[in-house]
Amino acid sequence: MSPPSSRSFPGLSGLLLPWLLCTAAVVAGCNNSPLPAGEAATNTLFTGFQEKSPRHLDPTASYSNDETKITYQVYEPLYGYHYLKRPYQLVPKVAAAVVAPKYFDRAGQPLPDDAPGEQVALSVYDVPLRHGVLYAPHPAFAKDEQGRLRYHSDHALTREELGDRRSPLAFEHQGTRELVADDFVYAIKRHASTRVQAPVFAVFSAYVLGLKDYGALIREEDRKLRAGLSEAALDKPFLDLRKYPLAGAEALDPHTLRIRILGKYPQWPYWMAMTFLAPVPWEADAFYAQPGMAAKGMSLETWPVGTGPYMATVYEQDRRHVLERNPNYRRDDFYPCEAAPGDARELLADCGKPMPFIDRIEFRSEKEKVPIKSKFIQGYSDVPEIERPEWGIEFYADADDSEATRQLFAERGFTFPRAVDVSNWYVGFNWLDPVIGKGDTPEQQAKNRKLRQALSIAIDWEEYVRVFPNKGGEPAHGPLPAGMFGSRHGTPAGFNPVTHRMVNGEVRRRPLVDAERLIAEAGYPGGRDAKSGRPLVLNYDYQRIPTPELKAEMDWMVKQFAKLGVTLEIRATDYNQFQDKMRKGKQQVFWWGWLADYPDAENFLFLLYGPNAKVAGDGENAANYANAEYDRRYERLRLLDDGPQKQQLIDEMVALLREDAPWSFGFFPYSASAFQPWVHNGKPGVMVRDMARYYRLDPALRVAKQAEWNRPQWWPLVLMALAALGVAWLARRVFMARERSTARGKAAAGEGSA
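Since we're looking at a predicted model, the values are computed, not measured.

(A) Molecular detail of the overall build of the protein. Helix and strand content of the protein: 22 helices and 22 strands. When the 754 residues of the protein are sorted by exposure, 54% land in the buried category. Accessible surface, the protein as shown: approximately 32,500 Å² in total, 55% of it carbon and sulfur. Where the 94 positive side-chain charges of the protein centre and where its 95 negative ones centre are 5 Å apart.

This is the structure we're talking about:
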C-alpha cells in the first residue's frame, strides 16, 4: 500500500486546475463589446436605428425621416444644402451650378426675372450636370465583351439563372456607367408610375408640365401590360417609361437637363435638393422587374442604385444595414471652407479635403432607446442615430438631472451641439372621421370644430415640454416654426387666440372651463354623448411600439383627454404599420411631426393643402384636411416671393387653421445631435440629410476610449478563484485527515491479527 502523502486528490488536479485556467482566460479576454473583434479599429461609423428597417429606399417613394439615413448617403440629387452655413443655402451636388429659371408668358415670350407671378405661364430650368459622375457598381450595368447587358434586356434572366441570389452583390459581374440627363428625366416620369408609391405626385403633377396627363397615360399603358395578371402578382412586366415622352422634362444633351414648370413656383429649387429629384437609371428598373426578383427581396426599395458617396452592401431586415464607400464616387467633392457665424474653428479643420472621410457605415437595430443610449455612453456607438436631431436634447436632460452624469459626460468628451431648427410635432385629427373630422352637414361641422377646439385647449403643451425635458422645445401656436419668412412665432401677434389668451401682457393657455363649454356645445357634455349618454371614446394612433419611456408620454396624453371626460384608447404600432393606417385613413387622433424639406413656409403650409391629402392623393396632408378658402390662398402663395403680400396670405391661412383646428399644434423641438470625441465635423441641421460624408473618425482614439471606459472588473473573478482555492485547501485537509485515519485503522487491525 502506498503512503497517504503520495495519493492524488482528484478534486484539485481534475477540476480545480482547468477551472483556474478558464478563469484566467476569461479575465485576460473579458470584453463586453457588441462589436466583432477588431471592428472598432476600422474606419467604420457605428450607429443605430429603432424597431424596423426603413420601408422605402426607392428615391421616388422615400419620404420618411428614418429612410434618409440611407437614401441621402446613396443617392445624390441635383442640389443640396451647404453643410455649415445658416440660414440654409442651396449648393450644387451632381448639378454643375444652381441655376435661376427663365420666365415665359402664355404666348411663349420671355419675361424679366422680376415679372409678377400672375404673368408667368412657364418657368424653365436648364440645369448643367457634372461630367464623369459614375454610378456605384451594380449588375444592372454589367456588359459582356460585345457590349450587351448581361443580366437583363439583352439577356433576360430566367428564374433558374437567378437561383438563390438575394443581393445584387451575389452576381459575378458588376458594372457602371456615367450619369446622364436622361436619368433625371426617367426619375421625374416615375412619379407618375403606378408601380411606385409616389407621395409627392400631387405636388409635382400640379407643376411639372404634362405630368398629370402623363400619369393617366402610364396608368393605361400599365393596365395593358398587366392584362390577365392578378393584382397580387409580384412579377410584373417591365414598364419602360423611356417610350413615353414627357413635355416637362427632357435632356437637351447628355449633360444638360431641362425642366419646365407651370407658372411661377419659387420653391421648386428646393425640391431639386431632395431625393425625389435623384437620378434613376432605367437599367435598375429593368433589372429589378425580372421574374423572381421581388420574391427574393430585390428592388429599389431594398437595394438602391445611386451615384452618392456610399453604396448598400448589407440588408438584414429589421437587424442590420451596412453602407460602404462607393469606389466610383467622384473626386470633386470637397469639405467646405466657410461656416456660419459662431461655428467652432474645429469645424473648418478639414477645409478643402476630399470627401467622404469614412469607409463604412453600420446601422444596428435596437428595440428601445435605452440600449442605444447605453452603447453611446460606453463608446460602442459613435452617433446614436444619425438622422434623428433629438438625441442631444435627451442627453442634456440626463445631465440636468444628475451632477454625476454631467461630470461623466464632460470627462468623456461627449458633444451635444444644439440649434433651433425647422421642424414640429403635433397631434392631428383625421378630417375623414365622422366624430372628430369635418362633418357631413353644416350643423355637424360646427359641432366637430368645437370638439377639436376643446381638445386643443385641454392638451397642455406647456406642461408637456416641462414634464418631458428630453422633448425640449417651444409650444407652438401655429404650423410655422421660427426662422423662416412668414412665421410670427414668439411675437405678440403670434399666439393662438383659440387656445390661449393674453393676461397682463403674458400669453396663457385658456382655462379648462372654456374647453368644457366647447365640448358641451359639441354635443358631449362631461365627455358623454348628449343623446345616448355613452362616453366619448377616441382612438389614438402612435407611431412607435410603447416602450417604457414612450408609455409615460402616452399616459400623459390620455390624462389630457380625460380632463374633459373623454376616453382615449392607445393604438401604438411600429412605424410601418402606422404608415399603412394613415394611408387608409383608419386613424382618428394621431401623433406626427415634420422635418422641413426646405426652409420655406410653403413646406409647412402644404401639409394641410387639400389635394395633398394622405388618403386621396397619397400626399403628406396626414389629417386629410380640406378647406376651399385655405386651398385658394395656398395656390396664390405658391406664386409669391417673400414680401408683404405673402405675409398677409400666410396670416390668413394660419387664422383659418387655428379656427378649424385640424391639428393641436404641439411644439417646435430643439435640434441637438450627440457625438463621441473621436467623431469630427458634427453639426446638427434637419435640412442636411447627407451628413455622413462630412463626418471624420479617429478609430485609434475610439479603441483607446472603449478600453478605458469598459475596463473589465477583475476583482469578482479573483475573489472567486481565491474562494475556490480555499474550498479546495479545506477539502484536501479533510481528505488527508480521513486518509491518515483510515491508514492508522488498517495498521492497528494488522497488529491485532498478528
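(B) Spatial organisation of the packing of aromatic side chains. This structure, assessed with the given rule, holds 54 aromatic pairs. Between Trp-271 and Tyr-598, the aromatic rings sit 5.6 Å apart at their centres with planes inclined by 70°, giving edge-to-face as the arrangement. Highlighted residues: Trp-271 in helix α7 (residues 268-271) and Tyr-598 in the loop between β19 (589-595) and α17 (602-605), separated in sequence by 327 residues. On the basis of relative accessibility, which here comes to 0%, the residue Trp-271 falls in the buried class. With relative accessibility at 0%, the residue Tyr-598 sits in the buried group. Taken together, Tyr-63, Phe-204, Tyr-207, Tyr-265, Trp-268, Tyr-270, Trp-271, Phe-276, Trp-594, Tyr-598 and Phe-606 form an aromatic cluster joined through their ring pairs. Geometry around Phe-395 places Lys-373 over its ring, the cationic atom sitting 6.0 Å from the centre. Sitting above the plane of the Tyr-670 ring, Arg-418 keeps its charged end 5.2 Å from the centroid.

(C) View of the sheet that holds strand β11 (residues 360-366). On the basis of which strands lie adjacent, the open sheet formed by four strands has the order β1-β11-β10-β9 and mixed pairing. Every interior strand has two partners, whereas the edge strands, β1 (44-50) and β9 (310-316), have only one. Across this sheet, the average inter-strand angle for adjacent strands is 20°, counted without regard to direction. Sheet topology note: the strand β10 (residues 320-325)/β11 ladder contains five bridges and is antiparallel.

(D) Spotlight on a nonpolar patch on the surface. On the surface, Leu-719, Leu-722 and Leu-725 cluster together into a nonpolar patch covering about 280 Å² of accessible area. With respect to the element layout, Leu-722 can be found in helix α22 (residues 715-753). Under the relative-accessibility criterion, Leu-722 is labelled exposed at 52%.

(E) Region of the structure containing helix α9 (residues 369-378). Those residues of α9 not exposed but buried are Lys-369, Ile-372, Lys-373 and Phe-376. What you see down the axis of α9 is that its buried residues fit within an arc of 95°, all on one side. Tucked inside the fold, the buried residues of α9 contact β1, β11, α10 (391-401) and α15 (548-562). Count one or two residues on from α9 and you reach Gly-379, which has phi positive near 95°.

(F) Geometry of the nonpolar core. Formed by 149 residues in total, the largest nonpolar core has its most connected members in Leu-78, Phe-204, Trp-268, Trp-271 and Tyr-695. If sequence neighbours within four positions are ignored, Phe-204 has contacts with His-191, Leu-211, Trp-268, Trp-271, Phe-276 and Leu-277. The next biggest cluster of nonpolar side chains, apart from the first, holds 34 residues, and it includes Ile-459, Leu-536, Trp-556 and Leu-564.

(G) Broad picture of helix α19 (residues 628-637). Along α19, the residues that are buried comprise Tyr-630, Asp-631, Tyr-634 and Leu-637. Projected onto a plane normal to the axis of α19, the buried residues spread over an arc of 120° and lie on a single side. Capping the start of α19, Asn-627 holds a side-chain oxygen 2.9 Å from the backbone nitrogen of Glu-629, two or three residues further along.

(H) Here's a closer look at the side chain of Arg-693. Here Arg-693 lies in the loop between β21 (679-680) and β22 (696-697). Given the relative accessible area of 1%, Arg-693 is considered buried. A polar contact of 2.8 Å, which involves the side chain of Arg-693, links it to the side chain of Asp-333. Beyond its immediate sequence surroundings of up to four residues, Arg-693 is in contact with Tyr-72, Gln-73, Glu-76, Lys-93, Pro-309, Tyr-310, Tyr-329, Arg-330, Asp-333, Met-355, Pro-356 and Phe-357.

(I) Structural view of the sheet that holds strand β7 (residues 249-253). Judged by pairing direction, the sheet is antiparallel, and its five strands sit side by side in the order β5-β4-β6-β8-β7 without closing on themselves. Single-partner strands in this sheet number two, and they are β5 (110-111) and β7. As paired strands, strand β6 (residues 122-128) and strand β8 (residues 256-262) are joined by seven bridges and run antiparallel to one another. Within the sheet, the bridge partner assigned to Asp-126 lies in β8 and is Arg-258. Here helix α4 (residues 181-190) sits on the sheet and contacts β7 and β8; the angle it forms with β7, its principal contact strand, is near 175°.

(J) Quick peek at the packing of helix α12 (residues 442-458) against helix α14 (residues 512-521). Contact geometry of α12 with α14 gives a least axis separation of 8 Å together with a crossing angle of 160°. On the basis of the axis angle, α12 is roughly antiparallel to α14. In the crossing of α12 with α14, the sense of the turn from one axis to the other is left-handed. Contact residues: α12 offers Lys-447, Lys-450, Leu-451, Gln-453, Ala-454, Ile-457 and Ala-458, while α14 offers Leu-512, Asp-514, Ala-515, Leu-518, Ile-519 and Glu-521.

(K) A look at the pattern of salt bridges. In total, this model carries 66 salt bridges according to the counting rule given. Lys-369 is the salt-bridge partner of Glu-394, the closest N and O atoms lying 3.3 Å from each other. A residue pair is termed long-range when its members are at least 10 positions apart, and Glu-394 in helix α10 and Lys-369 in helix α9 qualify at 25 residues. Judged on exposure class, the residue Glu-394 and its partner Lys-369 are both buried. Across the salt bridge formed by Glu-394 and Lys-373, the nearest N and O atoms sit 3.1 Å from each other. One end of the pair, Glu-394, is in helix α10; the other, Lys-373, is in helix α9, with 21 residues separating them in the sequence. Side by side, Glu-394 and Lys-373 carry an identical accessibility label, which is buried. What emerges from the salt-bridge pattern is a single network uniting Glu-76, Lys-93, Arg-130, Arg-330, Asp-332, Asp-333, Asp-690 and Arg-693.

(L) How the structure looks around unusual backbone geometry. Along the chain, Arg-86 connects to Pro-87 via a cis peptide bond; the corresponding omega equals 0°. As for its placement among the helices and strands, Pro-87 is situated in the loop between β2 (79-81) and β3 (90-92). The residue after Met-355, namely Pro-356, is reached through a cis peptide bond having omega 0°. Structurally, Pro-356 can be placed in the loop between β10 and β11. In this model, Asn-504 sits at a positive phi of 50°, which is unusual for a non-glycine residue. For Asn-504, a relative accessible area of 75% gives the class exposed.

How each quantity is defined
- Residues numbered from 1 in each chain as written.
- Predicted model: local features only at pLDDT ≥ 70, side-chain atom pairs only at ≥ 80, totals over all residues.
- Heavy atoms only, no water.
- Helix = DSSP H or I, 4+ residues; strand = E, 2+ residues; numbered from the N terminus.
- Buried < 20%, exposed > 50% of the residue type's maximum accessible area, 1.4 Å probe, protein only.
- Areas by Shrake-Rupley, 256 points an atom, 1.4 Å probe, with all protein chains shown as cover.
- Lys, Arg positive; Asp, Glu negative; His and termini not counted.
- Charge placed at Lys NZ, Arg CZ, Asp CG, Glu CD.
- Phe/Tyr/Trp six-rings, centres within 6.5 Å; stacked < 30°, edge-to-face > 60°.
- Lys NZ or Arg CZ within 6 Å of the ring centre and 35° of its normal.
- Pairing = 2+ DSSP bridges.
- Axes fitted to C-alpha atoms, helices over the stretch in contact; angles between N-to-C directions.
- Patch = residues over 30% accessible without salt bridge, like charges linked within 9 Å, V, L, I, M, F, W, Y side chains within 5 Å.
- Salt bridge = Lys/Arg side-chain N within 4 Å of Asp/Glu carboxyl O.
- Arc of directions from axis to C-beta.
- Contact = heavy atoms within 4.5 Å.
- Core = buried A, V, L, I, M, F, W, Y, C linked by side-chain atoms within 4.5 Å.
- Polar contact = N/O pair within 3.5 Å; in protein donor to acceptor, adjacent residues only side chain to side chain.
- Parallel < 35°, antiparallel > 145°, perpendicular 65-115°, else oblique.
- Left-handed = near helix turned anticlockwise from the far one by under 90°.

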